[in-house]
Amino acid sequence: MCYTICNMTQIQKILFKYQDKKYADFSAKLVPTLPREAFIGVRSPSYKNIIRDIKELPPAELESFLTDLPHKYHEENCLQIALINKIRNYDECLTALETFLPYINSWAVSDGLNPPTLKKNRQLLLPKLQLWIRSEKPFTQRVGMLLLMKYFLDDDFIPEYLELPAQIRSEEYYVNMMTAWLFAEALVKQWDSAIPFIQNKKLDDWTHNKAIQKACESFRVSPEHKEYLRTLRIS
């Protein structure tokens, strides 16, 4: 036991201060792509305290944490995303994210990403998203489509934003589910532009049907639109 503790980094020791083993068991079931031993068991509200505790460490310790990749534990990845979200400078945030992108290995980590500075500079970000969506790494693809969904479906939306995601053909569940989620949100926010992608069957069959399902589950889609979407399901 002493050997294990003595070989932990300072940040790992901080994470283990907030360990809840039952929550680790629960988290592992939600993220089946990772083994149970990858989970410490840290609840989301604890990360605020963890970030506070980290501020007491020497700067070199944090720098080492951010660059010594891949991490051992799922919660280290979650912490890295939380720290990236707090970076206010666009270039620094983008650099930190691109350094970490190849090591994202679960939906629970990718989907926590939402840095305000990226949203504020989304037109600068757009070429990066297009590059990531073309990536061979599934969670890099997922991040690209996630941020496209979060930042590009509102007032400055143009239909061309949906063309690249519609071309994705993947064997990866978490990529296809993200594509379906993106198009379901597009049906909510930009019906007139999104519905032709469904009418013309531009998605693969599974993603097409999943996008319809998710849109029909949303209270933001009208009953009339839901009824029409159900007629477009692929048998």
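Computed from a predicted model, the values in this text were never measured in an experiment. All chains use their own residue numbering, which begins from 1 and follows the written sequence. Note on the predicted model: pLDDT of at least 70 is required for a residue's local features to be given, and 80 or more for side-chain atom pairs to be given and counted; whole-chain, interface and lining totals, by contrast, use all residues. Water and hydrogen atoms were dropped before computing side-chain values, which therefore reflect all heavy atoms in the structure.

S.K.: Describe the environment of Gln 80, with residues and values.
M.R.: By definition, any uninterrupted DSSP run of H or I lasting at least four residues is a helix, any uninterrupted run of E lasting at least two residues is a strand, and each is numbered from the N terminus. Tracing the backbone shows Gln 80 in helix α6 (residues 74–85). What makes two residues a contact is simply this: any of their non-hydrogen atoms within 4.5 Å. When residues no more than four places from it in sequence are discounted, the contact partners of Gln 80 are Phe 65, Leu 66, Leu 69, His 71 and Phe 100. In this structure the side chain of Gln 80 is engaged in a polar contact, spanning 3.1 Å, whose partner is the backbone oxygen of Leu 66. Pairing of N or O atoms within 3.5 Å defines a polar contact, subject to two protein rules: one partner must be a possible hydrogen donor and the other a possible acceptor, and residues neighboring in sequence count only if both atoms are side-chain atoms.

S.K.: Provide a residue-level description of unusual backbone geometry, including the pertinent values.
M.R.: The omega torsion of the bond from Leu 69 to Pro 70 falls at 0°, within 30 degrees of zero and hence cis. Examined against the element boundaries, Pro 70 turns out to sit in the loop between α5 (59–67) and α6. Even without a glycine there, the phi angle at Lys 201 is positive, about 55°.

S.K.: Residues and numbers for the pattern of salt bridges, please.
M.R.: By salt bridge we mean one thing: a side-chain nitrogen of Lys or Arg within 4 Å of a carboxyl oxygen of Asp or Glu. As enumerated under the stated definition, the model contains 10 salt bridges in all. With a shortest N-O distance of 2.7 Å, Arg 142 and Asp 111 are connected by a salt bridge. Taken together, the residues Arg 142 in helix α11 (residues 138–151) and Asp 111 in the loop between α8 (107–110) and α9 (116–120) connect sequence positions 31 residues apart. Its relative accessible area of 5% is what places Arg 142 among the buried residues. The partner of Glu 185 in a salt bridge is Arg 220, and the shortest N-O contact between them spans 2.4 Å. Of this pair, Glu 185 sits in helix α13 (residues 173–189) while Arg 220 sits in the loop between α15 (205–216) and α16 (223–230), and the two are 35 residues apart along the sequence. Relative accessibility thresholds used throughout: buried, under 20% of the residue-type maximum; exposed, over 50%; partly exposed, between the two (1.4 Å probe, protein chains only).

S.K.: Describe the state of the cysteines, and please don't skip the residues or the numbers.
M.R.: Throughout, a disulfide means two cysteine sulfur atoms within 2.5 Å of one another. Tallying each qualifying case throughout the model produces 0 disulfides. The cysteine Cys 78 is free of any disulfide, with Cys 93 supplying the nearest cysteine sulfur at 17 Å. Assessed through its relative accessible area of 0%, Cys 93 is described here as buried.

Interpretation note: all reported values are geometric properties and have no functional meaning in isolation.
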